[in-house]
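# A structural walkthrough
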Amino acid sequence: QVHLVESGGGVVQAGGSLTLACAASGRTDSTDQMGWFRQAPGQEREFVAALRGLDNRSEYKDGVKGRFTILGDMNEHKVYLQMNSLKPEDTAVYYCAAGISFYNSYNFWGQGIQVTVSS
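Residues numbered from 1 in each chain as written. Predicted model: local features only at pLDDT ≥ 70, side-chain atom pairs only at ≥ 80, totals over all residues. Heavy atoms only, no water.

### Quick notes on the overall build of the protein
For the record, the criterion: Put simply, DSSP marks the helices as runs of H or I at least four residues long and the strands as runs of E at least two long, and each gets a number from the N terminus on. Working definition: with a 1.4 Å probe on protein chains only, accessible area under 20% of the residue-type maximum means buried, over 50% means exposed, and in between means partly exposed. To be clear on the numbers: accessible area is Shrake-Rupley with a 1.4 Å probe, and residue cover counts the displayed protein chains and nothing else. We count Lys and Arg on the positive side and Asp and Glu on the negative side, and we leave His and both chain ends out. By convention, the point assigned to a charge is CZ for Arg, NZ for Lys, CD for Glu and CG for Asp.
Looking only at helices and strands, the protein features zero helices and 11 strands. Taken from N to C terminus, the helices and strands of the protein fall in the order β-β-β-β-β-β-β-β-β-β-β. Taking the principal axes of the C-alpha coordinates as reference, the protein spans close to 40 × 25 × 25 Å. The buried share of the protein, reckoned over its 119 residues, is 44%. Surface accessibility of the protein: about 6200 Å² in total, with carbon and sulfur atoms responsible for 47%. Across the protein, the centroid of the 10 positively charged side chains sits 3 Å from that of the 12 negatively charged ones.

See the structure below:
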């Protein structure tokens with residue numbers, strides 16, 4: 001089992017910045033990718049960004065490219081999401097996830113953290 005804990009959420013004005021952090025513990029040797037997803041009210045959970053250990057690549061949802069940056073240290077099992085130029089439509093519960101990059105699967109999830117962008 002892998003336990004994920006997110007931190008850094010909150011309320012920010014449009015155009016502002018926020019950085020989320022996620023720390024993994026437990027059987028972290030069973031995972032080699034970590035990512036961020038988000039779910040806005042009334043909408044399905046969607047992919048935001050990921051760090052893949054298989055080929056050491058980062059990937060982003062189209063709508064956040066150039067504004068969000070995923071940083072991390074897979075050896076220490078920590079990942080961060082730097083969010084700049086935030087928009088009201090970025091408001092959501094953000095979830096950290098960990099899984100296996102070969103299968104592009106996410107088997108473990110954090111409890112989620114609220115990010116609210118006010119206009």
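### Section: the environment of Thr28
The condition that has to hold: Any two residues whose heavy atoms approach within 4.5 Å at even a single point are treated as in contact.
Structurally, Thr28 can be placed in the loop between β3 (18–26) and β4 (33–39). Here Thr28 falls in the buried class, since its relative accessible area comes to 12%. Considered as a pair, Thr28 and His3 are 25 residues apart in the sequence and their alpha carbons are 8.6 Å apart. Filtering out sequence-adjacent residues up to four positions away, Thr28 remains in contact with Val2 and His77.

### Focus: the pattern of salt bridges
Rules: Criterion for a salt bridge: a side-chain nitrogen of Lys or Arg within 4 Å of a carboxyl oxygen of Asp or Glu.
Under the defined criterion, the tally for this structure stands at eight salt bridges. Where Asp29 meets Arg27, a salt bridge forms, and the shortest distance between an N and an O atom there is 3.1 Å. By relative accessible area, Asp29 is classed as exposed at 61%. We classify Arg27 as partly exposed; its relative accessible area is 48%.

### Brief notes about the pairing of strand β8 (residues 78–83)
The condition is simple: A pair of strands counts as paired when DSSP detects no fewer than two bridges linking them.
Here β8 shows a buried face lined by Val79, Leu81 and Met83 and an unburied face lined by Lys78, Tyr80 and Gln82. Both β3 and β8 contribute to a ladder of six bridges, which runs antiparallel. Counted as the bridge partner of Cys22 is Val79 from β8. Here six bridges tie strand β7 (residues 68–73) to β8, and the two strands are oriented antiparallel to one another. Within β8, the residue paired with Gly72 across the bridge is Val79. Counted along the chain from β7 to the antiparallel partner β8, the turn is four residues long, and its residue His77 has a positive phi close to 60°.

### Concerning the packing of aromatic side chains
Here is the rule: For this analysis, a ring pair means two rings from Phe, Tyr or Trp (six-membered ring only for Trp) whose centres lie within 6.5 Å, classed as stacked if their planes differ by under 30 degrees, edge-to-face if by over 60, and tilted for the remaining angles.
Here the structure, examined in full by the defined rule, presents five aromatic pairs. For the pair Phe37 and Phe47, a centre-to-centre distance of 5.6 Å together with 75° between the ring planes defines the contact as edge-to-face. Placement of Phe37 in strand β4 and of Phe47 in strand β5 (residues 46–52) is noted, with a sequence separation of 10 residues between them. You can call Phe37 buried: its relative accessible area is 11%. Between the aromatic rings of Tyr106 and Trp109, the centroid separation amounts to 6.3 Å while the plane-to-plane angle is 50°, which identifies the pairing as tilted.

### Structural notes on the nonpolar core
This is how it is decided: By nonpolar core we mean a set of buried residues, namely Ala, Val, Leu, Ile, Met, Phe, Trp, Tyr and Cys, connected to one another through side-chain atoms within 4.5 Å.
Residues Leu4, Trp36, Leu81, Met83 and Tyr94 are the most contacted members of the largest nonpolar core, which totals 29 residues. Listing elements by their share of this core, those giving two or more residues are β1 (2–7), β3, β4, β5, β7, β8, β9 (92–100) and β11 (113–118). Setting aside residues no more than four positions away along its own chain, Leu4 makes contact with Cys22, Ala23, Ala24, Met34, Cys96, Ala97, Ala98, Phe108, Trp109, Gly110 and Gln111.

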